[in-house]
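Here's the letter readout for the chains.
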Amino acid sequence: IQDPFFGGLYVLAMRWLSGALLALALLLLAVAGAIGWLVGTEQGLQWAAARVPGLHTEGLRGHLAGEVTAEGLSFESSAVRLRAEQVSVRAHLAALLGGRLTLEPLRVQKIELELRGAGDKPSEPFRLPLQIHIGNARVDTLIVQRHLIRDLHVESDGVASASRKRQRMTPS
């Protein structure tokens, strides 16, 4: 014997369940599409770079899931000013699952870094929400506040070498 009341509820519940599963599938598809657009297109790279406070880019090309190049990058905050020229980097995004960002290789023609003092008050150290691992880097020229370092090479084992270790720059 079938109860028409409970049979009708069963059909209604199945319709709601199938509708909810369809909505969930569409939501997951939209999220996957958005992530694919973000990491797989140059427009996604441009969008992500525009959301970083203090970051300005020139000639930014590539995509987050592959090689990214820029003619110029600059970042400025109250504690630091950084300018990089002719940058090429590849991020290994799978490492983000382990809580770190791996950049390998990293090539930069020139980096200018200015660490700014906060007067008498010691500043809070800058902390990132994840670790950054740089596997292989080459920086042709590194200028840190009035010091010049040329031909800096950093290998995967973390050993750094420079052909001219440290030279004083004359103020311009």
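Residues numbered from 1 in each chain as written. Predicted model: local features only at pLDDT ≥ 70, side-chain atom pairs only at ≥ 80, totals over all residues. Heavy atoms only, no water.

Chemist: Help me out: how do you make sense of unusual backbone geometry in this one?
Modeler: As a rule of thumb, non-glycine residues mostly have phi less than zero, and peptide bonds are mostly trans rather than cis. Along the chain, glutamate 104 connects to proline 105 via a cis peptide bond; the corresponding omega equals -5°. In this structure, proline 105 sits in strand E5 (residues 100-115). At glutamine 86, a residue that is not glycine, the phi angle is positive and equals roughly 50°. Looking at the element boundaries, glutamine 86 is found in strand E4 (residues 80-92). (Helix = DSSP H or I, 4+ residues; strand = E, 2+ residues; numbered from the N terminus.)

Chemist: Just checking my understanding: could you explain the side chain of serine 88 for this structure?
Modeler: Within the secondary structure layout, serine 88 lies in strand E4. We classify serine 88 as buried; its relative accessible area is 18%. Of the polar contacts made by the side chain of serine 88, one reaches the side chain of glutamate 67; its length is 2.5 Å. Filtering out sequence-adjacent residues up to four positions away, serine 88 remains in contact with Glu67, Val68, Thr69, Pro105, Leu106 and Arg107. (Buried < 20%, exposed > 50% of the residue type's maximum accessible area, 1.4 Å probe, protein only. Polar contact = N/O pair within 3.5 Å; in protein donor to acceptor, adjacent residues only side chain to side chain. Contact = heavy atoms within 4.5 Å.)

Chemist: Explain helix H2 (residues 42-50) to me, please; I cannot follow it from the model alone.
Modeler: Counting along an α-helix, one turn takes 3.6 residues, and residues three or four places apart therefore face a common direction. Listing the buried residues of H2 in full gives Gly44, Leu45 and Ala49. The buried residues of H2 occupy an angular sector of 130° when projected down its axis, which confines them to one face. Exposed side of H2, more than 90 degrees from the buried face: Gln43 and Ala50 are the residues found there. (Arc of directions from axis to C-beta.)

Chemist: Got a minute to help me understand the side chain of arginine 83 in this structure?
Modeler: Assignment of secondary structure puts arginine 83 in strand E4. Among the polar contacts listed, one links the side chain of arginine 83 to the side chain of glutamate 58, at a separation of 3.5 Å.

Chemist: Explanation requested: the pattern of salt bridges in the structure shown.
Modeler: Where charged atoms of side chains with opposite charge meet at close range, the side chains can pair. Following the criterion strictly, the structure yields five salt bridges and no others. The residue glutamate 114 makes a salt bridge to arginine 81 at a minimum N-O spacing of 3.2 Å. Of the two residues, glutamate 114 sits in strand E5 while arginine 81 sits in strand E4, which places them 33 residues apart along the sequence. Its relative accessible area of 26% is what places arginine 81 among the partly exposed residues. (Salt bridge = Lys/Arg side-chain N within 4 Å of Asp/Glu carboxyl O.)

Chemist: In this structure, what is going on with the pairing of strand E3 (residues 67-76)? I would like to understand it.
Modeler: As a general feature of sheets, a regular strand has side chains that alternate between the two faces. Here four bridges tie strand E1 (residues 55-58) to E3, and the two strands are oriented antiparallel to one another. Directly across from glutamate 58, in E3, lies its bridge partner glycine 72. Bridge count for strand E2 (residues 61-62) against E3 is two bridges, and the pairing is antiparallel. Across the sheet, the residue bridging to arginine 61 is threonine 69, located in E3. Here E2 folds back onto E3, and the loop between the two strands holds four residues. Bridge analysis of E3 against E4 gives nine bridges, and the strand direction is antiparallel. (Pairing = 2+ DSSP bridges.)

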